[in-house]
Structures are given as C-alpha cells and as structure tokens.
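Here is what each chain is made of, one letter per residue.
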Amino acid sequence: MIDIRKLGLFNKMAKEGGNTVANHLSQMTGMQTEMEITKINFIDIPDIKTHVGDERQIGISIEMLEPPHGYILFLFNAQNAKQLANGMIGDMGETSDASDGFTDMERSAIQEIGNIMTSGFIDGWANVLETTIDISTPNFTFGPGSGMVDELVGDRENDMALMFDSRVHALDSDINVKVYTFPELEELVELMQEIEV
C-alpha cells in the first residue's frame, strides 16, 4: 500500500531519470539530446515477457545494490543502437552498415551509452528518493528480450514491475528505449513513504 499523494513520485522519478540520462548523453555525444518518458505502467512480471516478445534486441541491465534493490533493464533494437553509436563515434572510427553485427568501436560506444543511461536513470531516482543507490556494472546482452526478463526476475512470478516507455531524441532521430524496472516494491514504497510531498 502506498499513500495516494505519493503516486506523483513515480512521475518525478521517471522525469528525473530521463533528464539526467539526456544531460549525460548530450555532454558525451555533443548532440542535443532529450529523453521523454511517454508512459508509466505497472505490469505483472509474467506479462512482461509477452510484452517484450522474443525479438532479438539489445539489453542493458544493472542490479541495484542498495534499496530499493532489484534490477533495471533498458531495451532497444539494434538499428537504434547503431544510430546512437554512430552519432557518438562520428568520423573518428569505423562503423558498419551491416545490421547484423557491430564493429568493436560500435560495441564499446553502445556499452558507454548503456553506462550513461543506467547510471543517469538511477541518479535521477536517487535524487527523488533522497538517497544514494549503488549499482553493479552494466551487463550487455543481444538476444530475445523475454529471455533477459526471465534471467533477471524469472523467479518473481507473483511480483509487479514498473515499465517506462521512453523516447530518446538525438540528432534528427527518435530512438525508442524501453525501460523496465524491477525494484523490490516493498523497499521502494518504504523509501517513498519517508519523503515529504
């Protein structure tokens, strides 16, 4: 149970998370970047697997090592990842048009973008929750999204997760990034209850 007045904190966390990611990406790529959170949903974990589907995507996941604990998973498709990576690499390195694979340079650029997205998002959360949240090193996967969800939280069948639909606007492209967050809900609610609204 959560005090209804605190529900606005979810929006605030999403907004802060998105803004922090955008600022960091802008600094790093030199591209004006915005991250817009378009929708927030609570979804039962089993339904997320269906929602995510079996299509091969790029997933970046981290574990929160402090309350509210749990995991965060960013998903985007390979084409979008390439766009972001190429925007970041610019003329400095080799990029490939082949949509099936990534050059080493692209891979490390995507990894760097993943670091920025995950740490930025968590920084935003921590600001709103007036705490610090230590995180693990991001883990990169290219494969079916449903498999990644299964690996992270397959054992939490009766739990819910928070899903943020978001768009990253960078350069002239709109890149859809889905953010699935699997906090330990009781811990999250506890942190939220302590905050004056």
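Residues numbered from 1 in each chain as written. Predicted model: local features only at pLDDT ≥ 70, side-chain atom pairs only at ≥ 80, totals over all residues. Heavy atoms only, no water.

Colleague: Could you give an account of the overall build of the chain, with specific residues and numbers?
Modeller: Helix and strand counts for the chain stand at six helices and six strands. Reading the chain from its N end, one meets helices and strands in the order α-β-α-β-β-α-α-β-α-β-β-α. What you see for the chain is a C-alpha radius of gyration of 16 Å, in line with the 16 Å of a compact globule of 197 residues. Based on the C-alpha atoms only, the size of the chain along its principal axes is roughly 50 × 30 × 25 Å. A burial count over the chain gives 47% of its 197 residues as buried. Considering only residue pairs separated by 6 or more positions, the chain has 75% of its internal contacts joining residues 24 or more positions apart. (Helix = DSSP H or I, 4+ residues; strand = E, 2+ residues; numbered from the N terminus. Rg over C-alpha atoms; globule rule 2.2 N^0.38 Å. Buried < 20%, exposed > 50% of the residue type's maximum accessible area, 1.4 Å probe, protein only. Contact = heavy atoms within 4.5 Å.)

Colleague: Before we move on, can you summarise the packing of aromatic side chains with the specific residues and values?
Modeller: Scanning the model with the defined rule gives six aromatic pairs in all. Aromatic pair Phe-102 and Phe-142: ring centres 6.2 Å apart, planes at 90°, arrangement edge-to-face. Separated by 40 residues along the polypeptide, Phe-102 in the loop between helix H3 (78–89) and helix H4 (104–129) and Phe-142 in strand S4 (residues 139–144) bring together distant segments of the chain. Looking at Phe-102, the relative accessible area reads 17%, which means it is buried. Owing to a relative accessible area of 34%, Phe-142 belongs among the partly exposed residues under this scheme. Ring centres of Trp-125 and Phe-164 lie 6.4 Å apart, and the angle between their planes is 70°; this geometry places the pair in the edge-to-face category. Here Phe-164 lies in strand S5 (residues 160–170) and Trp-125 lies in helix H4, a separation of 39 residues in the sequence. By relative accessible area, Phe-164 is classed as buried at 0%. (Phe/Tyr/Trp six-rings, centres within 6.5 Å; stacked < 30°, edge-to-face > 60°.)

Colleague: Describe in detail the pairing of strand S6 (residues 173–183), supporting the description with residues and values.
Modeller: Of all 11 residues in S6, eight are buried, a share of seventy percent or more. Two strands pair when backbone bridges link them, and strand S3 (residues 70–76) and S6 are joined in this way by six bridges, in the antiparallel orientation. Bridge pairing links Tyr-71 to Phe-182 in S6. As defined by bridge partners, S5 adjoins S6 across nine bridges and the pair is classed as antiparallel. Bridging from a neighbouring strand, Arg-167 pairs with Asn-176 of S6. (Pairing = 2+ DSSP bridges.)

Colleague: How would you explain the nonpolar core if you had to name every residue and give the values?
Modeller: Grouped together as the largest cluster of nonpolar side chains are 45 residues, with contacts concentrated most on Ile-72, Phe-74, Met-117, Phe-121, Val-177 and Val-179. Counting residues per element, this core draws most heavily on H4, at 11 residues. Judged by nonpolar contacts, the second largest core, of 14 residues, contains Ile-43, Met-148, Val-153 and Met-163. (Core = buried A, V, L, I, M, F, W, Y, C linked by side-chain atoms within 4.5 Å.)

Colleague: With reference to specific residues and values, describe the sheet that holds S5.
Modeller: One open sheet holds the six strands; their spatial order is S1-S5-S6-S3-S2-S4, and the pairing between them is antiparallel. Of all strands in the sheet, those bounded by a partner on one side alone are strand S1 (33–44) and S4. Put simply, the sheet's adjacent strands are angled 25° from each other on average, direction ignored. Sheet analysis places strand S2 (residues 56–64) next to S4, joined by six bridges and oriented antiparallel. (Axes fitted to C-alpha atoms, helices over the stretch in contact; angles between N-to-C directions.)

Colleague: Residue-level account of helix H5 (residues 145–153), with values.
Modeller: Among the residues making up H5, those that are buried are Gly-145, Ser-146, Met-148, Val-149, Leu-152 and Val-153. Considered in projection along H5, the buried side chains sweep an arc of 160° and stay on one side of the axis. Taken together, the buried residues of H5 touch helix H2 (45–52), S2, S3, S4 and S6. (Arc of directions from axis to C-beta.)

Colleague: Provide a residue-level description of the packing of H3 against H4, including the pertinent values.
Modeller: Contact geometry for H3 and H4: axes closest at 9 Å, N-to-C directions at 100°. Between H3 and H4, the crossing angle belongs to the class labelled roughly perpendicular. In contact with Ala-81, Lys-82, Leu-84, Ala-85, Asn-86, Met-88 and Ile-89 of H3, H4 contributes Met-105, Glu-106, Ala-109, Ile-110, Glu-112, Ile-113 and Met-117. For the contact of H3 with H4, the residue count by class is 10 nonpolar, one polar and three charged. (Parallel < 35°, antiparallel > 145°, perpendicular 65-115°, else oblique. Nonpolar A, V, L, I, M, F, W, Y, C, P; charged D, E, K, R; others polar.)

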